[in-house]
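Architecture at a glance
Okay, here's what each chain looks like letter by letter:
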Amino acid sequence: MSDRVLQVSGLVKRFGGFVALNGVDVHVGPGERLGLIGPNGSGKTTLINCISGALFNDEGSIRFDGQDITRMLPHRRARLGVARSFQIPKPFRSMTVLENLRVPLEYAARSRAGQRRVVDEAMDLLQSIGLGHCAQHNSAGLTQVDMRKLELARALAAKPRLLVSDEAMAGLSSAEVDEILEILLALNKRGVAVIMIEHIMRAVMRF
Amino acid sequence: MISADLFSNAVVSGLLLGGFYAAVAIGLAIVFGQLDIVNIAHPAFIIVGAYIAYILNSRFGFDPVFVGLLAAPAFFVVGAVIYRVYFLAFERTGQESLSGLAFFFGVMFIIEVVLILIYGVDYRLVQADYIGQSWRIGFVDFPLRMLVPFAVAAALTAAIYVFMSRTFMGRAIQAVAQDRLALQLMGADPVRIKQWAFGLGIATAAIAGSLLIVIGPVEPSVGRLYIGRAFAIVVLGGMGSIKGMFIAALILGIVESMVSTFAGPSWSPAVAFGVLAITLALRPAGLFGRR
Amino acid sequence: MKAAAFWGTLAAIFVAGLALTTVLENEYYYNALYLILQAMLMAVAWNILGGFTGYVNFGSAAFFAMGAYTTVALNKALGLPLPLLILAGGAVGGLVGFGLGYLTLRLKGVYFAIATLAMAIVIETFIANWTYVGGARGSYMLTPDKHLWFDSYIQMLFMVMLLLTLGAVAVSRMLNSSRLGRGLAAIRDDEVAAESAGVPTLRLKLVSTTVMGGMMGVAGAPFPYFVTFVDPVSAFNLFIAVNAIAMPMIGGTGHWIGPVIGALLVGTTQEIVKVTVSSELNVLIVGVMLVVFITLAPQGIVGLVKKHWKRKP
């Protein structure tokens, strides 16, 4: 039990009279890969929202690394190591790609290292996922696949122990899907547990 | 002990006031409730309507409500123009939130200052036969200066409700609110429809303004008191629901009247904000909201 | 702007102000400069919550008035000297700002803006009913005799306001490029994404409203001595609130220098119009400028300059 990174037990979430999650149990071990598939409207994003703290569940508990995070605010969960990417990318539009990464580095990853170190770390991260060339570009004008990469990069910058990727590949071409998948697999090899929510079966099978 | 007399008069005057509040809020119910355009200058347009009623009433002796109906088409055009500017400057570029708010704040300020420059800060009022008369049923008073606005407001609300549900344009406006893309795919121009809706919203301000000055004297800064009331009513009623808006207006009118009668009139402006706060805290979708 | 250049410029401006007081005697200029600086301080303060954090405050006049009325009350009760009054005004403003943030933590966008309006109306009602500070009838403040080494009291007030404003600009600049400032910008750009990137959004929003309130309270604290007669209508004037919004929006909200530019441009225009055309019309100017500027140049003057620079190869 205690070696599980994520332990979700009996999770219930209602929206008025509508029950989105009805006693969901999920557990993820360290460095594990979990694929989550299901039709639209089945509650996948609701589950992620409850895990990340964007929504609070009505019943049930969530434990992260043994700690009860059921009532914790999202930013505190992020600092503990829970990261998520958004289905529809939400970049910080007034900032460049690089500046987008500074926020999670300085807050979630609690990097108090000097400015230069943070910028270097951000550049390294960008280069490792193939966004190095647009570091100084404004984040609002990126291509679809680059936006998705930025979403993931921001989640990675938080130095998570668990990453939840919410349909990061939706609408991408075959080659682009492979690119994103490589990033997730590489991250997983470094010991980060990954929950991947996806519709694209090819990607899920390879995961 | 609270006397039945005092209580029932408070309720009745609250109902009548609430009806008038519906006329104030209905423009915002369309523009903000359906289209999410934060026109906080709406009450300022109502004040302009009130002043136009004052001018034509004092100059030519026209009945103020008649003036309101007369001015409505002109207000419609003004509204359409303002929406066009708003669209070109903000909606098209996605800047609605901060800049759009500031834009309408600026418009509100300009209207207020221009009125002060032209008319000063003195209170203005209108003369009409029914102002000052009152019907009496049992121990309850029905002052005509409140009853007439109530009737006009109720008629206005009913007319717009029918317009929204039965006419093509009305349904198109609701469609734009719910699914803009689908509407485009069906060949309708969302911008033209929103322009229509905004114009309609401002047109109601002409009528609401004439009702306002029938109820009581008006001076330029009075509009600000209605910002809270209008938004509280739209939110309490539920964004997008005309029916809900009317009920919410009646509720607000009654609550305000009670507070005013039993706690003092200086607390009335705070009631609306209190209602808004409670609604947002307990049931943000409002009574009949679509979300 | 590099740090050395910045502080050097601030020091130079301060010295220039001192020099001005030795050569210029006409009190009108000090009045005008005081008003422009006061507006700049309000604009800089507003921009911290509005431009940096993305929450629009329509009730700026309330914070300003709280600073002014703190001075009135403390002066009547204790007769404190100006520096302490300024501190007190700032503290009260900060407290009100904190309270506003705490009460409206969960409101977004337009609802927050309306809440600020509500708060302003409620505070104004309370003050208008508080007879100790004069209530609706207002309160007179006698101009003190002491004005240090300056020729007149207004000269001293001008230097005080200059110092306060320069300080606020420095604080604003520090915020703009600090870790805290980046957190605020993240909140402005996307609050949900910021929260999941580890930004404690509620806490930072509270910091933002408190700093804004404190600065505005500081701006209002010397006001009673400037006008010598304070009443709710003048202290809670919508004109102050509009200026506080218009100047940063015209200058540019994302950068600390935006409100400074906006205040200089709008403030000077207002003074010129006041003298050449009419003082009533000058009130209208800011509203028109606001609407025209944000329609044509939503990113403000700073935005225009940035766009121009990008075009050059």
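Just so you know, these numbers come straight off a predicted model, no measurement behind them.

**A few points about the overall build of chain C**
A tally of helices and strands in chain C yields 15 helices and two strands. Relative to the globule expectation of 20 Å for 313 residues, the C-alpha radius of gyration of chain C, 19 Å, shows essentially globular dimensions. Expressed as lengths along the three principal axes of its C-alpha atoms, the size of chain C is roughly 55 × 45 × 35 Å. Relative to its 313 residues, chain C shows a buried fraction of 53%. Long-range pairs, those at least 24 residues apart, make up 79% of the contacts in chain C with a sequence separation of at least 6.

**Points about the overall build of chain A**
Helix and strand content of chain A: seven helices and eight strands. The C-alpha atoms of chain A give a radius of gyration of 17 Å, which matches the 17 Å a tight globule of 207 residues would have. Principal-axis analysis of the C-alpha atoms gives chain A an extent of 45 × 40 × 35 Å. A buried classification covers 43% of the 207 residues belonging to chain A.

**Remarks on the packing of helix H5 (residues 144-166) of chain B against helix H10 (residues 242-263) of chain B**
All names here are of chain B. Where H5 meets H10, the closest approach of the two axes is 10 Å, and the angle between their N-to-C directions is 160 degrees. Considering the angle they form, H5 stands roughly antiparallel to H10. In terms of crossing hand, the pair formed by H5 and H10 is right-handed. Here Thr157, Ile160, Tyr161 and Met164 of H5 lie close against H10, whose contacting residues are Ile242, Lys243 and Phe246. For the contact of H5 with H10, the per-class residue count stands at five nonpolar, one polar and one charged.

**A closer look at the interface of chain B and chain C**
Facing the 26 residues of chain B at the interface are 28 residues of chain C. Looking at the side of chain B that touches chain C, the elements that each hand over two or more residues are helix H3 (64-91), helix H4 (96-119), helix H9 (223-237) and helix H11 (268-282) of chain B. The residue inventory of the side of chain B that touches chain C, partitioned by class, reads 20 nonpolar, six polar and no charged.

**Considering the interface of chain A and chain C**
In this complex, chain A contributes 21 residues to the contact, which on the side of chain C involves 18 residues. The class makeup of the residues in the side of chain A that touches chain C is 11 nonpolar, three polar and seven charged.

**Considerations on the sheet that holds strand E8 (residues 193-197) of chain A**
Residues and elements named next belong to chain A. A sheet is described by the order of its strands in space; here four strands give the open sequence E3-E8-E7-E6, paired in parallel fashion. Across the chains shown, the open sheet's two edge strands, defined by having one partner strand only, are strand E3 (33-36) and strand E6 (82-84). Ignoring which end each strand starts from, the neighbouring axes of this sheet average 15 degrees apart. As defined by bridge partners, strand E7 (residues 162-166) adjoins E8 across five bridges and the pair is classed as parallel. Bridge pairing in E8 links Leu162 to Ala193. Against the sheet, helix H1 (residues 44-52) makes contact with E3, E6, E7 and E8, and its axis sits at roughly 150 degrees relative to E7, the strand it touches most. Helix-sheet contacts for helix H6 (residues 174-189) involve E3, E7 and E8, and the interaxial angle to E8 is about 155 degrees.

**A short note on the packing of helix H1 (residues 4-34) of chain B against helix H8 (residues 190-215) of chain B**
All names here are of chain B. H8 packs onto H1 with a crossing angle of 165 degrees between their chain directions and a minimal axis gap of 8 Å. Regarding the angle of H1 to H8, the classification is roughly antiparallel. In this structure, the crossing between H1 and H8 has a hand that is left-handed. Within the contact between the two elements, H1 uses Phe20, Ala23, Val24, Ile26, Gly27, Leu28, Ile30, Val31 and Gln34 and H8 uses Ala197, Phe198, Leu200, Gly201, Ile202, Thr204, Ala205, Ile207, Ala208, Leu211 and Ile215. Of the residues in the contact of H1 with H8, the class split is 16 nonpolar, four polar and no charged.

**Digging into the sheet that holds strand E5 (residues 67-68) of chain A**
Residue and element names in this part refer to chain A. Taken in spatial order, the four strands of this open sheet run E2-E1-E4-E5, and their pairing is antiparallel. Each edge of the open sheet carries a strand with a single partner, namely strand E2 (18-28) and E5. Alignment of strand E1 (residues 6-15) against E2, held across eight bridges, turns out to be antiparallel. Each residue of the ladder has a partner; that of Gln7, found in E2, is His27.

**Examining H6(A)**
Residues and elements named next belong to chain A. Given a rise of 1.5 Å per residue, 16 residues ought to cover 22 Å, and the 23 Å separating the end C-alpha atoms of H6 matches this to within 8%. Taken together, the buried positions of H6 are occupied by Val177, Ile180, Leu181, Ile183, Leu184 and Leu187. Down the axis of H6, the buried set is contained in an arc of 155 degrees. They therefore lie on one face. In H6, the exposed positions that point more than 90 degrees away from the buried face belong to Ser174, Ala175 and Lys189. Looking at the buried positions of H6, the neighbouring elements they touch are helix H5 (144-157), E7, E8 and helix H7 (201-206). Positive backbone phi, approximately 105 degrees, marks Gly191, located one or two places after H6.

**Side note on the environment of C:Leu18**
One can find C:Leu18 in helix H1 (residues 3-23). In this structure the C-alpha to C-alpha distance between C:Leu18 and C:Gln155, which are 137 residues apart in sequence, comes to 9.3 Å.

**Points about the confidence of the model for chain A**
Residues of chain A with pLDDT of at least 70 account for 97%, and the chain-wide mean is 88. Confidence scores differ between elements of chain A, with H7(A) showing the lowest mean pLDDT of 82 and helix H3 (residues 97-106) of chain A the highest of 93.

**Let's talk about the environment of B:Glu256**
All names here are of chain B. Considering the arrangement of structural elements, one finds Glu256 in helix H10. Along the chain, Glu256 and Gly14 lie 242 residues apart, while their C-alpha atoms are 6.9 Å from each other. Apart from the residues lying within four places of it in its own chain, the contact partners of Glu256 are Gly14, Leu17, Ser268 and Val271.

**Regarding unusual backbone geometry**
A positive phi is found at A:Glu167, a non-glycine position, where the angle reads about 50 degrees. Locating A:Glu167 in the fold gives a position in the loop between E7 and H6. The phi dihedral of C:Thr228 falls on the positive side, at around 65 degrees, and the residue is not glycine. Under the C-beta neighbour-count criterion, C:Thr228 is labelled exposed, with 11 such atoms within 10 Å.

What counts as what
- Residues numbered from 1 in each chain as written.
- Chains lettered and ligands numbered in written order.
- Predicted model: local features only at pLDDT ≥ 70, side-chain atom pairs only at ≥ 80, totals over all residues.
- Helix = DSSP H or I, 4+ residues; strand = E, 2+ residues; numbered from the N terminus.
- Rg over C-alpha atoms; globule rule 2.2 N^0.38 Å.
- Buried ≥ 20, exposed ≤ 12 C-beta atoms within 10 Å, placed from the backbone.
- Contact = placed C-beta atoms within 7 Å.
- Axes fitted to C-alpha atoms, helices over the stretch in contact; angles between N-to-C directions.
- Parallel < 35°, antiparallel > 145°, perpendicular 65-115°, else oblique.
- Left-handed = near helix turned anticlockwise from the far one by under 90°.
- Nonpolar A, V, L, I, M, F, W, Y, C, P; charged D, E, K, R; others polar.
- Pairing = 2+ DSSP bridges.
- Expected span 1.5 Å × (residues − 1).
- Arc of directions from axis to C-beta.
- pLDDT = per-residue confidence, 0-100.

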